[in-house]
Amino acid sequence: MTTKTSCADFVQFFRSWVSNPMRVAAVAPSGERLARLMTQEIGPVDGPILELGPGTGVFTRALLARGIPESALTLVEFGEEFAVRLRERFPAARVVHMDAAKLGQCGLFDDAPFGAVISGLPLLSMPPSKVAAIVGGAFETMKPGGAFYQFTYGPRCPVQKTILESLGLTAKRIGGTVRNIPPACVYRISRQNPLELSIIGAKYRSTGGKAGISA
């Protein structure tokens, strides 16, 4: 990625933060060190991969560097301006413009379960019900042994313990970096029993209005 592209990404990200700080929750895109940390456990054998809130595509590029084919990536992005840029940068990937809280009810991902989910969503700024809908929906689209990777700027896992327990999940911190703005750490969330599909997550499906989905 060129310096010109990096500057353009920063400007776009900062403008999105100014217009909606609760949705973006950071003033700059995630750094490459955090991206490597988020993707260090994922390889081509884990495809297809679902990425939530890819933004400018920092984690997406890290997945490609890990050997994941671009065609094996599904990018779910709520911000229309980011979705447009993602389609331009990753034409072989599947880019879906939608709210990640609708994962469990949209029916778009029933044909091929994902091997892993990478999340750049600002879960700490969301109500617990929405966090539960996102995480529960993600595991409904995942293979039994799949894992959900989430970074946070806080001191603990951004998914509350009560939500994890209700969904039959467990979280483990797999690393952190101070060379990010701001410093961040990464958690791996997985099923307590990977041989069993979680069915409890269905009760957390969002019951809101239309999803506003476009692929």
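A brief structural summary. Since we're looking at a predicted model, the values are computed, not measured.

Cut-off values and rules
- Residues numbered from 1 in each chain as written.
- Predicted model: local features only at pLDDT ≥ 70, side-chain atom pairs only at ≥ 80, totals over all residues.
- Heavy atoms only, no water.
- Phe/Tyr/Trp six-rings, centres within 6.5 Å; stacked < 30°, edge-to-face > 60°.
- Buried < 20%, exposed > 50% of the residue type's maximum accessible area, 1.4 Å probe, protein only.
- Disulfide = S-S within 2.5 Å.
- Core = buried A, V, L, I, M, F, W, Y, C linked by side-chain atoms within 4.5 Å.
- Helix = DSSP H or I, 4+ residues; strand = E, 2+ residues; numbered from the N terminus.
- Pairing = 2+ DSSP bridges.
- Axes fitted to C-alpha atoms, helices over the stretch in contact; angles between N-to-C directions.
- Contact = heavy atoms within 4.5 Å.

The subject of this paragraph is the packing of aromatic side chains. Overall, the coordinates contain 4 aromatic pairs when judged by the stated rule. Ring plane angle 65° and centroid distance 5.4 Å describe the contact between Phe 151 and Tyr 153, whose orientation is recorded as edge-to-face. Look at Tyr 153 and you get partly exposed, because its relative accessible area is 29%. These aromatic residues form a ring-pair network of at least three members: Phe 59, Phe 151 and Tyr 153.

Another point: the state of the cysteines. Disulfides are covalent bonds that connect the sulfur atoms of two cysteines. Evaluated as defined, the whole model comprises 0 disulfides. Of all cysteine sulfurs, the one in Cys 185 lies closest to Cys 157, which takes part in no disulfide; the gap is 8.7 Å.

The next point concerns the nonpolar core. Membership of the largest hydrophobic core comes to 33 residues, with the highest contact counts inside it found for Leu 52, Val 76, Phe 148 and Val 159. Listed by contribution, the elements that provide at least two residues to this core are strand S1 (49–52), helix H6 (103–106), strand S4 (114–119), helix H7 (128–140), strand S5 (142–152), helix H8 (161–166) and strand S7 (184–191). The greatest single-element share of this core, amounting to 7 residues, is contributed by H7. Listed in part, the 27 residues of the second largest apolar core include Leu 34, Phe 59, Ala 116 and Val 186.

This paragraph deals with the pairing of S4. By the criterion of burial, S4 is predominantly enclosed, with 6 of the 6 residues buried. Sheet analysis places S1 next to S4, joined by 4 bridges and oriented parallel. Counted as the bridge partner of Glu 51 is Ile 118 from S4. Here S4 pairs with S5 via 5 bridges, running parallel. Directly across from Phe 114, in S5, lies its bridge partner Met 142.

Now for the sheet that holds S5. Sheet strands pair by backbone hydrogen bonding; their relative direction is either parallel or antiparallel. Strand order in the open sheet formed by 7 strands is S3-S2-S1-S4-S5-S7-S6, and the pairing between neighbours is mixed. Of all strands in the sheet, those bounded by a partner on one side alone are strand S3 (94–97) and strand S6 (169–177). Adjacent strand axes in the sheet meet at a mean angle of 20°, parallel and antiparallel pairs treated alike. One ladder, built from 4 bridges, connects strand S2 (residues 73–77) with S3; its direction is parallel. Bridge pairing in S3 places Thr 74 opposite Arg 94. On top of the sheet, helix H3 (residues 32–39) reaches S4, S5, S6 and S7; it is set at about 145° to S6, its chief contact.

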